[in-house]
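Fold and geometry: a report
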Amino acid sequence: MSTRAVDEKMTIREILADLRVPPSTFHRWRQLGKAPRSIKLPNGDVRIRRSEYERWLAEREDAA
């Protein structure tokens, strides 16, 4: 099975490191519904599918 076949789940910490934004900014985006869609696990942890994160980033690219 290739790594592309399984849609990796990213932690918020991994997202923050990639975006280089503080946790407060990302959590505000989540509250406003402007963050990538996420999965809330039964233990309260949050994961974001890599494909969802990449889609979300692509939607924010400047068209110019």
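For the structure itself, consult the block above.
These remarks concern the structure in this document.

What counts and how
Residues numbered from 1 in each chain as written. Predicted model: local features only at pLDDT ≥ 70, side-chain atom pairs only at ≥ 80, totals over all residues. Heavy atoms only, no water. Buried < 20%, exposed > 50% of the residue type's maximum accessible area, 1.4 Å probe, protein only. Helix = DSSP H or I, 4+ residues; strand = E, 2+ residues; numbered from the N terminus. Pairing = 2+ DSSP bridges.

Thoughts on the pairing of strand β3 (residues 46-49)
Residue alternation in β3 divides its side chains into a buried set, Val46 and Ile48, and an unburied set, Arg47 and Arg49. The pairing of strand β1 (residues 9-11) with β3 spans three bridges and is classified as antiparallel. Considered in β3, the bridge of Met10 is made with Ile48. Inspection of the sheet shows strand β2 (residues 39-40) paired to β3 by two bridges, in the antiparallel sense. Its bridge partner lying in β3, Lys40 is registered against Val46. Here β2 hands over to β3 after five residues, with Gly44 in that stretch at a positive phi of 95°.

Overview of unusual backbone geometry
Positive phi outside glycine occurs at Arg20, with the angle close to 60°. Tracing the backbone shows Arg20 in the loop between α1 (12-19) and α2 (23-32). Since its relative accessible area comes to 76%, Arg20 is described here as exposed.

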